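Structural description and commentary
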Amino acid sequence: MKLWGGRFETGPSEIFERFSGSLHFDRKLILDDTRGSQAFARALAKQGILTAEERDSLLQAFDEIAAEARDSKYFDGAGDEDVHTFVIRKLGEKVGSLSEKIHTGRSRNEQVSLDIRLHLRTCADALLDGIAEVMRALLALARKYPDAVIPGYTHLRRAQAVLWPHYLLAYFEMLARDFERIEQTRARINVMPLGSGALAGSGFDFDRQQIARDLDFSQISRNSMDVSADRDFALDFLYSCSMIMLHLSRLAEDWILYSSEEFGWLTLGDGVTSGSSLMPQKKNPDSLELIRGKSGRVFGDLASLFITMKGLPLTYNRDMQEDKEPLFDAFYQALGSLSMAKAVADSMTMNPAVPRAAAEESWVVATDLAEELARSGVPFHRAHQLVGQLVLDSVKSGKKPSDWDGRSLAAFAPEFQPEMARLFSPAEGMKSRELPGGTGPRAVALALNDAQDRLNALSRPAGAP
Ligand code: ARG
């Protein structure tokens, strides 16, 4: 069936129909389409276009369509142009010619915007839950090893000692921003477009605020041309998914390294790893590699819609139909990656002795020593120089920090005092970093409590608009 045709002498060619049809992917929107159409039927009744009985039989028919659509075979053999056309055909099969009234004063251009907004709102809620779950898993992992000391890295070279919970809280913060970003994106999605018509505003004086209330939207759009032309909200959504993936990808990369034989800090659960078809000893971190891999795919989804939109003249152009597959894909991959990351975190165990030894054997304490010298009155550049010389001397003679004691340290240069030798233990140096945001043990304990409070405050009542 077609929602147009009077102006044409022949129908569309088969090749064009096949090329332009979108039902095979936009069928995902069917529940949004029926829900939006029900609100629209109520608005049409208020305009006197539908009688109360007509409205009720349409509402009933949409309910039936929504119920039947739960069976995936529902779409088998359908040749309709898109989900909107499909739903109206199904409506006709149920209510006959009454179905011809449902599209009064409505355009598919606003309808598709409405459907995507309804759909992405639900997707955003699922992502918020998924992000909060990973944040919860990170806190649990931090609490399992609250005192573990690891070397922190810059340039993938051991830099300074940090507490394991401090490291995990870095990812907690990234995810907290991801949560916020999805909330902000959701607010821009949560705008009701109906009443915009094709581009000029509908010819019927709908109570648009009432439609917005009916569909739980927090506001109505302000310009009909903007509605037809705009996919900013979709791009915001793709960007937010991309940022989630970027963070999960870096976490995955860290944990791939830290669970390798070379690092040996972490053991991933059997349930999230796989073996090799040839090499019997292998236990590979495929779950994490796939999170890393899928991030590239989601960035591609974002790039694809950006490029689709960039040269389009106002307002609607059929190019915009290409928005849906990247959106569905990015959502699916981001949600799946969040669940996978949580499962990996839950499965993981740590061997704190290994990163502790890595910290103790290396010169992650050098900055602590230089800063202690500076606190004792030595100008920092001089202190830096002195500790650099101490490290060079040690590297040349094969000394580890623990090979030094107060006496040998003080003998190395007059600026060093014997009690500074306590700083050769990485856990000691961390105690000088108790300012907010630092890795000092008290600062981290406070940060953990603060993170838990913030996480608890994130939980929203289910189904909140
Ligand atoms: N299926 C189209 C889309 O997804 C909506 C239909 C609007 N089509 C049109 N020719 N105005 O964008």
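Residues numbered from 1 in each chain as written. Predicted model: local features only at pLDDT ≥ 70, side-chain atom pairs only at ≥ 80, totals over all residues. Heavy atoms only, no water.

Section: the pairing of strand S2 (residues 157-163)
Where strand S1 (residues 149-154) lies against S2, six bridges are found, and the strand directions are antiparallel. Note that in S2 the partner of Gly-152 across the bridge is Gln-160. (Pairing = 2+ DSSP bridges. Helix = DSSP H or I, 4+ residues; strand = E, 2+ residues; numbered from the N terminus.)

Regarding the site of the ligand
Around the ligand lies a shell formed by Ser-22, Asp-82, Arg-108, Asn-109, Val-112, Tyr-316, Gln-321 and Lys-324. Note that a nitrogen atom of the ligand is positioned 3.0 Å from one of the side-chain N or O atoms of Asn-109. Contact with the protein chains hides 86% of the accessible area of the ligand, taken as 350 Å² for the molecule alone. (Near = heavy atom within 4 Å. Polar contact = N/O pair within 3.5 Å; in protein donor to acceptor, adjacent residues only side chain to side chain. Areas by Shrake-Rupley, 256 points an atom, 1.4 Å probe, with all protein chains shown as cover.)

Let's talk about a nonpolar patch on the surface
Taken together, the side chains of Ile-15, Phe-16 and Phe-19 make up a nonpolar region of the molecular surface, amounting to roughly 390 Å² of accessible area. Mapped onto the fold, Phe-16 is located in helix H1 (residues 14-20). A relative accessible area of 40% places Phe-16 in the partly exposed class. (Patch = residues over 30% accessible without salt bridge, like charges linked within 9 Å, V, L, I, M, F, W, Y side chains within 5 Å. Salt bridge = Lys/Arg side-chain N within 4 Å of Asp/Glu carboxyl O. Buried < 20%, exposed > 50% of the residue type's maximum accessible area, 1.4 Å probe, protein only.)

Observations concerning the pattern of salt bridges
The full count for this structure, using the stated rule, is 37 salt bridges. Arg-18 is the salt-bridge partner of Glu-14, the closest N and O atoms lying 3.4 Å from each other. Placement of the pair is Glu-14 and Arg-18 together in helix H1, with a separation of four residues, close to one helical turn. Residue Glu-14 is classed as exposed on the basis of its relative accessible area of 60%. We note a salt bridge from Asp-323 to Arg-231, for which the minimum N-O separation is 2.7 Å. Of this pair, Asp-323 sits in the loop between helix H11 (286-309) and helix H12 (324-347) while Arg-231 sits in the loop between helix H9 (224-229) and helix H10 (232-258), and the two are 92 residues apart along the sequence. Of the two residues, Asp-323 and Arg-231, both sit in the buried class. Ionic contacts of the salt-bridge type, sharing partners, join the residues Glu-372, Arg-375, Glu-419, Arg-422, Glu-428 and Lys-431 into one network.

With respect to the packing of aromatic side chains
Here the structure, examined in full by the defined rule, presents 18 aromatic pairs. Here the aromatic rings of Tyr-258 and Phe-263 are separated by 5.4 Å at their centres, their planes lie at 45°, and the arrangement is tilted. The buried category is assigned to Tyr-258, whose relative accessible area is 5%. Relative accessible area serves as the criterion here: at 18%, Phe-263 is assigned to the buried category. Their ring planes at 85° and their centres at 6.1 Å tell us that Trp-363 and Phe-424 sit as a pair that is edge-to-face. Here the residue Trp-363 occupies a position in the loop between helix H13 (353-361) and helix H14 (366-375), and Phe-424 occupies one in the loop between helix H16 (406-412) and helix H17 (426-429), the gap between them amounting to 61 residues. Residue classification places Phe-424 among the buried positions, given a relative accessible area of 7%. (Phe/Tyr/Trp six-rings, centres within 6.5 Å; stacked < 30°, edge-to-face > 60°.)

Topic: the nonpolar core
Within the largest apolar cluster, 108 residues are counted, with the highest numbers of intra-cluster contacts made by Ile-30, Ile-102, Trp-164, Tyr-167, Phe-237 and Trp-255. Among the elements that take part in this core, helix H6 (residues 108-144) stands out by supplying 18 residues, more than any other. Not counting the four nearest positions on each side in its chain, Trp-164 is found in contact with Leu-141, Ala-142, Tyr-145, Ala-148, Ile-150, Leu-266, Met-348 and Met-350. Val-365, Ala-366, Leu-386 and Ala-421 belong to the second largest nonpolar core, which has 27 residues in total. (Core = buried A, V, L, I, M, F, W, Y, C linked by side-chain atoms within 4.5 Å. Contact = heavy atoms within 4.5 Å.)

Topic: the environment of Leu-338
For Leu-338, the location among the structural elements is in helix H12. Given the relative accessible area of 0%, Leu-338 is considered buried. C-alpha separation for the pair Leu-338 and Lys-101, spaced 237 residues apart in sequence, amounts to 44 Å. Setting aside residues up to four positions removed in sequence, Leu-338 forms contacts with Leu-127, Gly-130, Ile-131, Val-134, Ile-244 and Leu-248.

Some words on H14
Considered for burial, the residues of H14 that qualify are Ala-366, Asp-368, Leu-369, Ala-370, Glu-372 and Leu-373. Summarising the contacts, the buried residues of H14 are in contact with S2, helix H15 (380-397) and H17. Phi turns positive, to about 110°, at Gly-377, one or two residues after H14.

Description of the side chain of Asp-368
Relative to the elements of secondary structure, Asp-368 occurs in helix H14. For Asp-368, a relative accessible area of 5% translates into the label buried.

Some words on H10
In this model H10 runs 39 Å from its N-terminal to its C-terminal C-alpha over 27 residues, within 8% of the 39 Å that 1.5 Å per residue would give. Among the 27 residues that make up H10, 20 are buried, leaving the element largely enclosed by the rest of the structure. (Expected span 1.5 Å × (residues − 1).)

Some points on the side chain of Ser-20
As for its position among the elements, Ser-20 is in helix H1. From its side chain, Ser-20 meets the backbone oxygen of Phe-16 in a polar contact 2.7 Å long. If we ignore the near neighbours within four places in the chain, the residues touching Ser-20 are Arg-318 and Gln-321.

Digging into the environment of Gln-333
Relative to the elements of secondary structure, Gln-333 occurs in helix H12. Accessibility expressed as a relative area gives 6% for Gln-333, which makes it buried. Spatially, the C-alpha atoms of Gln-333 and Ile-150 are 31 Å apart, while their sequence positions differ by 183 residues. Apart from residues lying up to four places away in sequence, Gln-333 is in contact with Met-245, Lys-294, Arg-297 and Val-298.

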